[in-house]
Amino acid sequence: MPIMYFILISSTWALAATHMPVAPAWLTLAIPTVFTVISAARVVFWWKSRKEIPTAAYALTALKRTQRLSIGIASAFTLWSFLLYPYGDAYQQSHIAFYMAITVISCIFCLMHVRSAAFFVAVIVNGTFIVFFTATGHATFIAIAINILLVSFGMLAVLVVNYRNFERMISAQQQTQALSNENLRLANIDSLTGLPNRRAFFNHLGEAFQTATDNSARLAIGVIDLDGFKPVNDLYGHSSGDRLLVEVSNRLRREFSSDDLFLSRLGGDEFAFVISDIAIDRDVVGEGNRMCALLRSPFHLPEATIMISGSIGIAVFPDLASTSEELFDRADYALYHGKRQKRGNSTLFTARHVAEIHRDARIEQTLKQANLAEELSVVFQPIVDVLRQQTTGFEALARWNSKVLGTVSPAQFIPIAERAGIIGSLTRPLLKKALRAASKWPGDLRLSFNLSAQDLNSPEAVTGIIAIIETSGFDAARLDLEITETAFIHDTSQARRSVEMLRQIGCGISLDDFGTGYSSLTSLHSLPLTKIKIDHSFVHDIQDNPASEKIVRSVLTLSREMGLDAIVEGVECAEEMAVIRHLGARFVQGYLFSKPLEEAAIPGFLASGRDDGTLLTQTA
């Protein structure tokens, strides 16, 4: 547009200059000045708006305004040219013809992308010019008119072709942009649930965190993990699991949709949310617990009515996090801690968790640097046959007396070793020590030893365990290896192959903590088990808890039907023992009979015959 107005004004003043000696001032000075002011105003308007990105409606209005202006300006300049024609000689009249021809050609080029305006200018200026100069009857002017007609036709043909190419280019850009937008949308949307995906979550978290930092506002995030989702896949298939995930997302989105809550699916059965600009008195944990309560309601699928729950870890900025990455990690830690302590609820990351992180990090580093063969030891808790009133074996339990940290509870260092992926370095020395001690026992006593999921997740790991057993001199048929259901979560087929290899050398396989997981029946059905261990959480105060009594009764009945021995863990008092005995349990272990014993105390315990549940031995 600026170039077009420059051509118009420069050509106008050139034409006016040649007519100043013969034409009146209002034609050679006043009118060109008005044209110049109008053109300059249009250029200034264009300059101010050149960087603005117009809306579609504004662009349409601007294009229509350009069309109207093109008609007005073309008519005005054409009329002015004809008003000058009566003045001057043939040279000056030829200048008018040149002015109209060259100016309109320049305008056509400048208006190439506004096709209708270019056509209006060509028709008004050249149409009038051709008619007028043809009507003069002057051979030269008639030739110029015909020439201009042909040139205009060619120019308009070029204009049409270029406009079509321009139109195709714009259409291609729009299609490319639409495709790019769709790809961007798909890249940030979970295809199953329609929620924002992991990528979108972290993008939003980064933006929300920056906004919260700039505005000194508070920000909360929560990580949701479904409890009991894997059995749905195992029992009903992945299509049912997918339907359940869709129902979960729909339920959360329907009940917790708001402008300040951003909900997404991170992957698998894990979801997350961001709450922006939260008030100091806002009960974020309460909202998390409402989510958990919502997830505990039954999900009615075509295959079955599904009952699951959800655990949530929550962290708040700026309370205990200084970066968005740290905020997410702390919410994830709160989730991990909550699943261990109070599954099915929301857990807020607190200063206590900060202390735990530092403590766990120190324990992990000390474990990695420790001489485990020297610092680890094994104690043994009796397993008693209450019908025969005699000890049938012992469960080996790990102990760690660190040279740096002192005595560290197994409840602390074993989960840390599993999380750090170094539990295998603990299993090997502990198993060697347990087998060495058990080799000295009478031949009718059995040894129970716990394996972690990592001990079963590769052929190399289980082969190493088998080598330790076979070189120990201890009869593998007297060894019960205890595994938990978590061993089958990540690689079910490999864990099953590992268990079968251990069974082939004669080892018994016990499913530990039975009843606390979510795939117990699946495990009983698919694994070559020989025993199940009923978790102590069902035994505590069983005499006052009818629900626990019914669970233990059912599990004992199930074990008898499947030909499996059942060991009841955690019996601590005579009242509990009375209920357990009434329910028909045979194998029991717990503090009622003995706390864990050092290896040297086992002969004395066996000789004393204190395994009838009437006496609690002192700590060895």
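Only a predicted model underlies this, so the values are computations on that prediction, with no experimental measurement involved.

Quick look at helix α6 (residues 139-187)
Over its 49 residues, α6 extends 70 Å from the first C-alpha to the last, a length consistent with the 72 Å expected when each residue adds 1.5 Å. F141, A145, I148, S152, M155, L156, L159, V160 and Y163 are the residues of α6 that are buried. Contact partners of the buried residues in α6: α4 (90-110) and α5 (115-135).

Notes on the side chain of H353
Checked against the element boundaries, H353 lands in helix α12 (residues 351-369). Assessed through its relative accessible area of 1%, H353 is described here as buried. At 3.4 Å, the side chain of H353 forms a polar contact with the backbone oxygen of L348. Dropping the residues within four chain positions of it, H353 is found in contact with Y333, H337, T347 and L348.

Points about a nonpolar patch on the surface
A grouping of M1, W46 and W47 is seen on the molecular surface, where their side chains present a nonpolar patch of about 320 Å² in accessible area. On the secondary structure map, M1 appears in the segment before α1 (2-19). Classification of M1 as partly exposed rests on a relative accessible area of 33%.

Some words on the pattern of salt bridges
For the structure shown, the criterion picks out 20 salt bridges. Between R352 and E356 there is a salt bridge, with the nearest N and O atoms lying 3.1 Å from each other. Residue R352 and its partner E356 are both found in helix α12; the two are separated by 4 residues, about one turn of the helix. We classify R352 as partly exposed; its relative accessible area is 48%. Exposure remark for E356: the relative accessible area of 12% places this residue in the buried category. A salt bridge links K368 to E364, with the nearest nitrogen and oxygen atoms 2.9 Å apart. Here K368 pairs with E364, and both are found in helix α12, just 4 residues apart, close to one helical turn. Since its relative accessible area comes to 23%, E364 is described here as partly exposed. When salt bridges that share partners are traced, they join D225, D227, K339 and R343 into one network.

Regarding the pairing of strand β2 (residues 261-267)
Of all 7 residues in β2, 6 are buried; the element is thus mostly enclosed. Sheet topology note: the β2/strand β3 (residues 270-275) ladder contains 6 bridges and is antiparallel. Its bridge partner being in β3, S264 is matched across the sheet by A272. In sequence, β2 turns back onto β3 through a hairpin of 2 residues, with G268 there showing a positive phi of about 60°.

Notes on the sheet that holds strand β6 (residues 309-317)
Taken in spatial order, the 5 strands line up as β2-β3-β1-β6-β7 in an open sheet, and their pairing is mixed. Only two strands of the sheet have a single neighbouring strand rather than two, namely β2 and β7 (346-348). Mean inter-strand twist for the sheet, computed between neighbouring axes without regard to direction, equals 20°. Where strand β1 (residues 219-227) lies against β3, 6 bridges are found, and the strand directions are antiparallel. By the bridge assignment, G222 is partnered in β3 with F273. Along the sheet, helix α10 (residues 284-296) contacts β1, β2, β3, β6 and β7; its crossing angle with β6, the most-contacted strand, is approximately 165°.

Section: the nonpolar core
Counting residues in hydrophobic clusters, the biggest one holds 73 residues, and the most contacted among them are F380 and L447. Here this core takes 8 residues from helix α15 (residues 423-438), the largest share from any one element. When sequence neighbours within four positions are dropped, the list of residues in contact with F380 reads F394, E395, A396, A434, A437, W441, L447, K595, P596, L597, E599 and I602. Grouped together as the second largest cluster of nonpolar side chains are 44 residues, I73, A97, V114 and V125 included.

Notes on the packing of helix α2 (residues 25-49) against helix α3 (residues 56-84)
Two numbers describe how α2 lies on α3: the axes approach to 12 Å, and their chain directions differ by 165°. What the angle tells us is that α2 and α3 run roughly antiparallel. For the element pair α2 and α3, the recorded crossing hand is left-handed. Along its contact with α2, which presents W26, L27, T28, I31, P32, F35, R42 and F45, the element α3 presents Y58, R65, L69, A76, F77, W80, L83 and L84.

Considerations on the environment of Q390
In this fold, Q390 is placed in strand β9 (residues 390-402). With relative accessibility at 27%, the residue Q390 sits in the partly exposed group. For the pair Q390 and G609, spaced 219 residues apart in the sequence, the C-alpha separation amounts to 7.2 Å.

A word on unusual backbone geometry
Across residues other than glycine, the phi torsion is negative in most instances, and most of the peptide bonds are trans. Backbone torsion omega between F317 and P318 reads 10°, so that peptide bond is classified as cis. One can find P318 in the loop between β6 and α11 (324-341). In this model, S216 sits at a positive phi of 55°, which is unusual for a non-glycine residue. In this fold, S216 is placed in the loop between α7 (198-215) and β1. Phi is positive for Q389, which is not a glycine, with a value near 55°. By the secondary structure assignment, Q389 is in the loop between β8 (376-385) and β9.

Describing the side chain of S324
Turning to its location among the elements, S324 is positioned in helix α11. Polar side-chain contacts of S324 include one of 3.3 Å to the side chain of E325. What S324 contacts, discounting residues up to four positions off in sequence, is L205 and F209.

Points about the environment of A57
Here A57 is to be found in helix α3. Accessibility expressed as a relative area gives 54% for A57, which makes it exposed. Expressed as a C-alpha distance, the spacing of A57 and D535, which sit 478 residues apart in the sequence, is 70 Å.

Quick look at the pairing of strand β15 (residues 565-568)
Where strand β14 (residues 531-534) meets β15, 4 bridges bridge the pair, whose relative direction is parallel. Of the residues in β15, the one forming a bridge with I532 is A566. For the segment spanning β14, helix α19 (residues 546-561) and β15, crossover handedness is right-handed. In terms of strand pairing, β15 meets strand β16 (residues 587-588) through 2 bridges, oriented parallel. Pairing of V568 across the sheet is with V588, part of β16. Of the crossover connections in this fold, the one passing from β15 over helix α20 (residues 574-582) to the parallel β16 is right-handed.

Rules and cut-offs
Residues numbered from 1 in each chain as written. Predicted model: local features only at pLDDT ≥ 70, side-chain atom pairs only at ≥ 80, totals over all residues. Heavy atoms only, no water. Helix = DSSP H or I, 4+ residues; strand = E, 2+ residues; numbered from the N terminus. Expected span 1.5 Å × (residues − 1). Buried < 20%, exposed > 50% of the residue type's maximum accessible area, 1.4 Å probe, protein only. Contact = heavy atoms within 4.5 Å. Polar contact = N/O pair within 3.5 Å; in protein donor to acceptor, adjacent residues only side chain to side chain. Patch = residues over 30% accessible without salt bridge, like charges linked within 9 Å, V, L, I, M, F, W, Y side chains within 5 Å. Areas by Shrake-Rupley, 256 points an atom, 1.4 Å probe, with all protein chains shown as cover. Salt bridge = Lys/Arg side-chain N within 4 Å of Asp/Glu carboxyl O. Pairing = 2+ DSSP bridges. Axes fitted to C-alpha atoms, helices over the stretch in contact; angles between N-to-C directions. Core = buried A, V, L, I, M, F, W, Y, C linked by side-chain atoms within 4.5 Å. Parallel < 35°, antiparallel > 145°, perpendicular 65-115°, else oblique. Left-handed = near helix turned anticlockwise from the far one by under 90°. Right-handed = clockwise from strand over helix to strand, strands pointing away.

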